[in-house]
Amino acid sequence: MHDARDLVLARLPSGVPVRTTVHVYGEGRLVDGPDGPELDAPADGGPVVYAQAAQHGREVNGTAVLRRLHERLTGSGGDATDVGPEGDLGDGGLAGTLVTVPVADPLTFDRVSYTTPESLDAIHSNMNRCWPGDADGTLHERMAARLWRFAGAADAVVDLHTGSPAMLTHTVYMRDDAACRGLAEAFGTDLLLAEAAGEEADAEWAERGFAGKLRVAATREGIPTVTPELAHSREVVPEAVDAGVDGMVGVLRHEGLLPGEPAPWSGTVARNHLGRVEAADSGLFTPERGLSVGDEVAAGDRLGVVHDPTTFEPLQTAAADRDGIVYSIAREATVTAGATLVGVAERLEE
Ligand SMILES: [Zn+2]
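For clarity, every value in this text was computed on a predicted model and none was experimentally measured.

A.B. asks: What exactly am I supposed to notice about the UniProt feature "domain: Succinylglutamate desuccinylase/Aspartoacylase catalytic" (unreviewed entry) in the chain here?
C.D. replies: Following the UniProt record, one finds the feature "domain: Succinylglutamate desuccinylase/Aspartoacylase catalytic" (unreviewed entry) at residues 94–254. Each end of residues 94–254 is marked by a C-alpha atom, and these two atoms are 13 Å apart; helix forms 36% of the span and strand 17%.

Below, the structure is given as structure tokens:
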């Protein structure tokens, strides 16, 4: 039912291996291959779901989600204080295979960071810009390529991320892709963000290398994929973990690994990557008093002020450039020109 193996993702300059652990549940098995464990999923053994967390190592709630899911699937959480009220899921086994990697990027996990320093990967400091990876490429490309051997063999992929405390929990999927949309609804966060890709996206999408996200690379291979952004980095927050476990259970039901249907979804769909209100100049940002994520705003509404910290001169009164729902607010007050102050997601559907 459950197996776990050590997985070497790459080798550091000193020769120290970058290791993580891969878990398999259900019908599939891990078998020894020439480069370490490989998935052996029987052809008649039902669908394969791949889930990973902590590509961005400070985004620890996804890792906590996969531990809690493990406890519920294996009935091993008896002593844990944070097991949710719904109890074990493992009684009937899985009608398929679940593969999980709780720490996809140990390098950023150890640094509690988002990216790695130049000394480790001068080209792809962000692991989530180089999928599906390259076995002969940079350190992050090699790590991604090793994980892609699991992700690329799946029928559905969940790449767990988290945002800052001042970001509304949401799930990102490729706009106009019905299978990804179905997976996002199954995960079940109230807010879904539809991201355009390729020629339909804005210039920033390509400039920032978003084609190299795991979600985009897998979706383009025909594997429905979602990126949940749970609340809070750096801190394990029970509500964020609950949302993630519920989401994973919904995905396992949607894919037929667990019996039953995911809870019916009724939330908001909005557009990703548009409606960022940016700092017109560098300074200290004070959000409008009372402004919270989830607030509805109208074009022209005041969102905050950027001041020169030395002269107290107001440099910018930030205002919403469209009607929408506030999904992120910069709470780290020192901002540089061009930084996002407030994210306003434009509704696509109610
Ligand atoms: Zn992330």
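A.B. asks: So what exactly am I meant to see when it comes to the domain arrangement of the chain here?
C.D. replies: Often, the extent of an interface is quoted as the loss of accessible area on bringing the components together. Domain annotation for the chain reports domain 1 (2–270) and domain 2 (274–349). Between the C-alpha centres of domain 1 and domain 2 there is a distance of 30 Å. Every contact between the two is made by 15 residues of domain 1 and, on the other side, 15 residues of domain 2. In terms of surface lost to domain 2, no three residues of domain 1 exceed Ala166, Leu168 and Val269, which account for 39% of the buried area on that side. Counting the contacts that link domain 1 with domain 2 gives zero salt bridges. Those elements that place two or more of their residues in the side of domain 1 that touches domain 2 are β9 (191–195) and β11 (268–271). Counted by class, the side of domain 1 that touches domain 2 contains eight nonpolar, two polar and five charged residues.

A.B. asks: For this particular structure, what's the right way to read helix α3 (residues 139–151)?
C.D. replies: Compared with the 18 Å implied by 1.5 Å per residue over 13 residues, the 18 Å span of α3 between its first and last C-alpha is a close match. For α3, the buried fraction is high: eleven of the 13 residues fall into the buried class. Along α3, the residues that are buried comprise Leu139, His140, Glu141, Met143, Ala144, Ala145, Arg146, Leu147, Trp148, Phe150 and Ala151.

A.B. asks: Whenever I open this one, the pattern of salt bridges confuses me. Can you help?
C.D. replies: When the charged atoms of two side chains with opposite charge come close together, those side chains can pair. For the coordinates displayed, the defined rule picks out 15 salt bridges. Between Lys213 and Glu195 there is a salt bridge, with its nearest N and O atoms 3.4 Å apart. One end of the pair, Lys213, is in the loop between α5 (203–207) and α6 (214–220); the other, Glu195, is in strand β9, with 18 residues separating them in the sequence. Considered together, Lys213 and Glu195 belong to a single accessibility category, that of buried residues.

A.B. asks: What am I meant to see in the side chain of His23 here?
C.D. replies: Tracing the backbone shows His23 in strand β2 (residues 17–26). A polar contact of 2.9 Å, which involves the side chain of His23, links it to the side chain of His2. Other than its neighbours up to four places away in sequence, His23 contacts His2, Asp3, Ala4, His70, Leu98, Val99, Thr100 and Pro102.

A.B. asks: Please explain the coordination of the zinc ion as it appears in this structure.
C.D. replies: A metal bound by six donors in octahedral fashion has ideal angles of 90 or 180 degrees, whereas one bound by four tetrahedral donors has an ideal angle of 109.5 degrees. For the zinc ion, the protein coordination sphere consists of His56 (ND1), Glu59 (OE), Glu59 (OE) and His161 (ND1), at 2.1 to 2.4 Å. Each of the four donor atoms around the zinc ion contributes to a set of angles spanning 57 to 148°, which defines the coordination as irregular.

A.B. asks: Looking at this model, I keep getting lost on the environment of Leu7. Mind explaining?
C.D. replies: With respect to the helices and strands, Leu7 occurs in strand β1 (residues 2–11). For Leu7, a relative accessible area of 0% gives the class buried. Considering only alpha carbons, one finds Leu7 and Gly244, 237 residues apart in sequence, at a separation of 24 Å. The residues touching Leu7, leaving out its near neighbours within four places in the chain, are Val18, Arg19, Thr20, Val22, Pro37, Arg146, Leu147 and Phe150.

A.B. asks: Honestly, the sheet that holds strand β12 (residues 276–278) in this entry has me stumped. Any pointers?
C.D. replies: In a beta sheet, neighbouring strands are held together by backbone hydrogen bonds and run either parallel or antiparallel to one another. Spatially, the four strands line up as an open sheet ordered β12-β19-β17-β14, and their pairing is antiparallel. Among the strands making up the open sheet, the edge pair consists of β12 and β14 (296–297). Where β12 meets strand β19 (residues 340–345), three bridges bridge the pair, whose relative direction is antiparallel. Paired with Arg276 across the strands is Gly343, a residue of β19.

A.B. asks: Please explain the packing of aromatic side chains as it appears in this structure.
C.D. replies: Two measures describe an aromatic ring pair: the distance that separates the ring centres and the angle between the ring planes. One pass over the full model with this rule turns up one aromatic pair. It is Lys213 that lies over the ring of Phe210; its NZ or CZ is 3.9 Å from the centre.

A.B. asks: Any chance you could explain the pairing of β9 here in plain terms?
C.D. replies: In regular strands, side chains alternate between the two faces of the sheet. Most of β9 is tucked away, with five of its five residues classed as buried. Alternating residues of β9 divide into Leu191, Leu193 and Glu195 and Leu192 and Ala194, and every residue in both groups is buried. Here five bridges tie strand β8 (residues 170–174) to β9, and the two strands are oriented parallel to one another. Paired with Val172 across the two strands is Leu193, which belongs to β9. Handedness of the crossover joining β8 and β9 through helix α4 (residues 178–187): right-handed. Bridge count between β9 and β11: four bridges; the pairing is parallel. In the strand pairing of β11, Leu193 is matched with Ala270.

A.B. asks: I'm lost on the side chain of His161 in this one. Help?
C.D. replies: Tracing the sequence through the fold places His161 in strand β7 (residues 156–162). Overall, His161 belongs to the buried group, its relative accessible area being 2%. Separated by 3.0 Å, the side chains of His161 and Glu59 make a polar contact. Residues in contact with His161, not counting those within four places in the same chain, are Gln55, His56, Glu59, Asn128, Thr227, Pro228, Glu229 and Leu230.

A.B. asks: Teacher, can you tell me more about the sheet that holds strand β6 (residues 97–101) here?
C.D. replies: Read from one edge of the open sheet, ten strands run β1-β2-β6-β5-β7-β10-β8-β9-β11-β20, paired in mixed fashion. For this open sheet the edge positions go to β1 and β20 (347–349), each flanked by a neighbour on one side alone. Here the strands of the sheet are splayed against their neighbours by 25° on average, with no regard to which way each runs. As paired strands, β8 and strand β10 (residues 225–230) are joined by three bridges and run antiparallel to one another. Within β10, the residue paired with His170 across the bridge is Glu229. Relative to β1, α3 is tilted by about 155°, and along the sheet it contacts β1, β2, β5 (48–53), β6 and β7.

The rules behind the values
- Residues numbered from 1 in each chain as written.
- Predicted model: local features only at pLDDT ≥ 70, side-chain atom pairs only at ≥ 80, totals over all residues.
- Heavy atoms only, no water.
- UniProt positions renumbered as here; feature names shortened; annotations may be inferred.
- Helix = DSSP H or I, 4+ residues; strand = E, 2+ residues; numbered from the N terminus.
- Domains from an automatic or database assignment.
- Contact = heavy atoms within 4.5 Å.
- Buried area = accessible area lost by both parts, 1.4 Å probe.
- Salt bridge = Lys/Arg side-chain N within 4 Å of Asp/Glu carboxyl O.
- Nonpolar A, V, L, I, M, F, W, Y, C, P; charged D, E, K, R; others polar.
- Expected span 1.5 Å × (residues − 1).
- Buried < 20%, exposed > 50% of the residue type's maximum accessible area, 1.4 Å probe, protein only.
- Polar contact = N/O pair within 3.5 Å; in protein donor to acceptor, adjacent residues only side chain to side chain.
- Donors = N, O, S within 2.8 Å, 3.2 Å for Na, K, Ca; no water.
- Tetrahedral: all angles 85-135°; square planar, octahedral: opposite > 155°, others 65-115°.
- Pairing = 2+ DSSP bridges.
- Phe/Tyr/Trp six-rings, centres within 6.5 Å; stacked < 30°, edge-to-face > 60°.
- Lys NZ or Arg CZ within 6 Å of the ring centre and 35° of its normal.
- Right-handed = clockwise from strand over helix to strand, strands pointing away.
- Axes fitted to C-alpha atoms, helices over the stretch in contact; angles between N-to-C directions.

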